[in-house]
Amino acid sequence: RAKESGRNAFRFWDTEMNASVVEHVELLSAMRAALAHRDFTLSYQPQFDLRTGRLIGAEALIRWRHAELGQISPARFIPLAERSGLIVPIGDWVLQEACTQAQRWRAAGWTDLTISVNVSPVQFKRGSVETSVAQALAESGLPSGNLELELTESLLIQDSLSLIESLASLRRLGVRFAIDDFGTGYSNLAYLKRFEVERLKIDQTFVRRLTDDVQDQAIVRAIVQMAASLNLFTVAEGVEDGATLALLGDLGCQQGQGFHWSPAVPAAEFEKFLAA
Ligand code: C2E
Ligand code: MG
Ligand code: MG
Ligand code: MG
């Protein structure tokens, strides 16, 4: 675009930058209002055991429908919520809502369903995740063993004392950990020794073209083998078709989620997976 506008390139970029600042400020105040008015909702994406086909859990994913702007993707507003610190109260709401929903499903008989909640590094830095989790569990009545926190490699790579203490106290509570988007972050895997993690979620970028990309196959195979020798489960993200599913099984991956089964859906719709 800069090329097309030629000599006006600078002016063009300037205008675009200003527009994006205004947009960010507007989005930020809209997000504050959404939090106050409880306009966020959670959708749930089912996770399956690849071998048995059994439903094992759900990932809670935040959704936001803005009155004028329509549906706004978390990929767009979560980074802004992180930069502004608003992710702390939003994250507290997500924990509370996800635990409450999971406890309803438990009460209806699905006692071994795991609910996975994404937690941002900023929540650890600027909030107290232990306190938020303890409160969400206490208020919902959900047993801690039914809750999994999805952490990022960028969080675990830090070795701050307060992080180590937070994670240790969450473990003592009985909460489990998964590493989200595994393989995209860092090559230093020392954190796998330091923290007790239960599952590695293989990032979708390695899964998307799996059936025709031998390099992706090599990467997934390596992740699965390493995970197995560390006694960790692997979950493939972004499984979109049966061929990918079959290949993942051959590679030794145990669990998966993706459009092949279902996108994230509202709680009421998720119940059809429970009924099945
Ligand atoms: P994520 O945690 O890695 O979640 C997976 C994303 O992939 C979700 O996008 C999901 O809808 C999408 N997805 C699932 N299956 C497929 C598939 O088969 N194909 C494709 N192409 N995509 C698939 P979503 O819901 O837009 O969320 C994007 C990211 O936003 C999440 O990535 C997560 O990092 C963040 N996020 C979402 N909800 C929350 C939340 O409550 N708290 C925090 N801190 N972050 C959240
Ligand atoms: Mg996730
Ligand atoms: Mg992910
Ligand atoms: Mg992601």
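This one's a predicted model, so the numbers in the text were calculated from it and none came from an experiment.

Peer 1: Describe the site of ligand 1, and please don't skip the residues or the numbers.
Peer 2: What surrounds ligand 1 is a group of 21 residues, the closest being Arg 63, Asp 180, Gln 204, Glu 240 and Phe 259. A distance of 2.8 Å separates an oxygen atom of ligand 1 from a polar atom in the side chain of Asp 180. The backbone of Phe 259 places a nitrogen or oxygen atom 2.8 Å from an oxygen atom of ligand 1. When isolated, ligand 1 has an accessible area of 800 Å², and the protein chains bury 81% of it. Sorting elements by how many residues they give to the shell around ligand 1 places strand 2 (residues 55-66) first, with 4 residues. Its residues assigned to classes, the shell around ligand 1 shows 8 nonpolar, 6 polar and 7 charged.

Peer 1: Please set out unusual backbone geometry residue by residue, giving values where relevant.
Peer 2: Although it is not a glycine, Asp 181 adopts a positive phi angle of roughly 55 degrees. On the secondary structure map, Asp 181 appears in strand 6 (residues 176-182). Residue classification places Asp 181 among the partly exposed positions, given a relative accessible area of 32%. Of note in the backbone geometry, Asn 231 takes a positive phi value of approximately 65 degrees without being a glycine. With respect to the secondary-structure elements, Asn 231 resides in the loop between helix 10 (214-229) and strand 8 (233-236). For Asn 231, a relative accessible area of 71% gives the class exposed.

Peer 1: Can you break down the pairing of strand 8 residue by residue, with the values?
Peer 2: Of the strand pairs in this sheet, strand 7 (residues 199-202) and strand 8 are connected by 4 bridges, and their pairing is parallel. Each residue of the ladder has a partner; that of Arg 199, found in strand 8, is Phe 233. Taken together, strand 8, helix 11 (residues 242-251) and strand 9 (residues 255-256) constitute a β-α-β crossover, and its handedness is right-handed.

Peer 1: Provide a residue-level description of the pattern of salt bridges, including the pertinent values.
Peer 2: Inspection of every chain in the model, using the stated rule, returns 8 salt bridges. Close ionic contact of Arg 54 with Asp 112 constitutes a salt bridge, the shortest N to O distance being 3.8 Å. Residue Arg 54 is located in the loop between strand 1 (40-49) and strand 2, and its partner Asp 112 is located in the loop between helix 3 (87-107) and strand 4 (114-118); the two are separated by 58 residues in the primary sequence. Residue classification places Arg 54 among the partly exposed residues on the basis of a relative accessible area of 45%.

Peer 1: Pulling in residues and values, what's your account of the environment of Leu 247?
Peer 2: In this fold, Leu 247 is placed in helix 11. Taking C-alpha positions, Leu 247 is 34 Å from Leu 167, a pair spaced 80 residues apart along the chain. When residues no more than four places from it in sequence are discounted, the contact partners of Leu 247 are Leu 210, Thr 211 and Gln 217.

Peer 1: Give a description of the coordination of the magnesium ion (ligand 3) that names residues and reports values.
Peer 2: Where a metal carries four tetrahedral donors, each ideal angle is 109.5 degrees; where it carries six octahedral donors, the ideal angles are 90 or 180 degrees. Every protein donor of the magnesium ion (ligand 3) is listed here as Asp 180 (OD), Asp 181 (OD), Glu 237 (OE) and Glu 237 (OE), and their distances to the metal cover 2.1 to 2.4 Å. A distance of 4.0 Å spans the gap from the magnesium ion (ligand 3) to the magnesium ion (ligand 2), which Asp 180 bridges by coordinating each metal. Of this pair, Asp 180 sits in strand 6 while Glu 237 sits in the loop between strand 8 and helix 11, placing them 57 residues apart in sequence. Exposure remark for Asp 180: the relative accessible area of 9% places this residue in the buried category.

Peer 1: How would you summarise the nonpolar core if you had to cite specific residues and measurements?
Peer 2: Formed by 80 residues in total, the largest nonpolar core has its most connected members in Met 31, Phe 40, Leu 147, Leu 149 and Phe 270. With 10 residues, the single largest contributor to this core is helix 3. When neighbours within four sequence positions are excluded, Leu 149 is seen to be in contact with Leu 95, Val 117, Val 119, Val 129, Val 133, Leu 170, Val 175, Arg 176, Phe 177 and Ala 178.

Peer 1: Mind laying out the packing of helix 5 (residues 129-140) against helix 7 (residues 161-173), listing which residues take part and the relevant values?
Peer 2: Put simply, helix 5 and helix 7 touch, their axes get as near as 9 Å, and they point 20 degrees apart. Judged by the angle between their axes, helix 5 and helix 7 are roughly parallel. In the crossing of helix 5 with helix 7, the sense of the turn from one axis to the other is right-handed. Note on element contacts: helix 7 touches helix 5 through Ser 166, Ser 169, Leu 170 and Leu 173, opposite Val 129, Glu 130, Val 133 and Ala 134. Counted by class, the contact of helix 5 with helix 7 contains 5 nonpolar, 2 polar and 1 charged residues.

So, how was this worked out
- Residues numbered from 1 in each chain as written.
- Chains lettered and ligands numbered in written order.
- Predicted model: local features only at pLDDT ≥ 70, side-chain atom pairs only at ≥ 80, totals over all residues.
- Heavy atoms only, no water.
- Near = heavy atom within 4 Å.
- Polar contact = N/O pair within 3.5 Å; in protein donor to acceptor, adjacent residues only side chain to side chain.
- Areas by Shrake-Rupley, 256 points an atom, 1.4 Å probe, with all protein chains shown as cover.
- Helix = DSSP H or I, 4+ residues; strand = E, 2+ residues; numbered from the N terminus.
- Nonpolar A, V, L, I, M, F, W, Y, C, P; charged D, E, K, R; others polar.
- Buried < 20%, exposed > 50% of the residue type's maximum accessible area, 1.4 Å probe, protein only.
- Pairing = 2+ DSSP bridges.
- Right-handed = clockwise from strand over helix to strand, strands pointing away.
- Salt bridge = Lys/Arg side-chain N within 4 Å of Asp/Glu carboxyl O.
- Contact = heavy atoms within 4.5 Å.
- Donors = N, O, S within 2.8 Å, 3.2 Å for Na, K, Ca; no water.
- Core = buried A, V, L, I, M, F, W, Y, C linked by side-chain atoms within 4.5 Å.
- Axes fitted to C-alpha atoms, helices over the stretch in contact; angles between N-to-C directions.
- Parallel < 35°, antiparallel > 145°, perpendicular 65-115°, else oblique.
- Left-handed = near helix turned anticlockwise from the far one by under 90°.

None of the figures reported here should be taken as evidence of function without further support.
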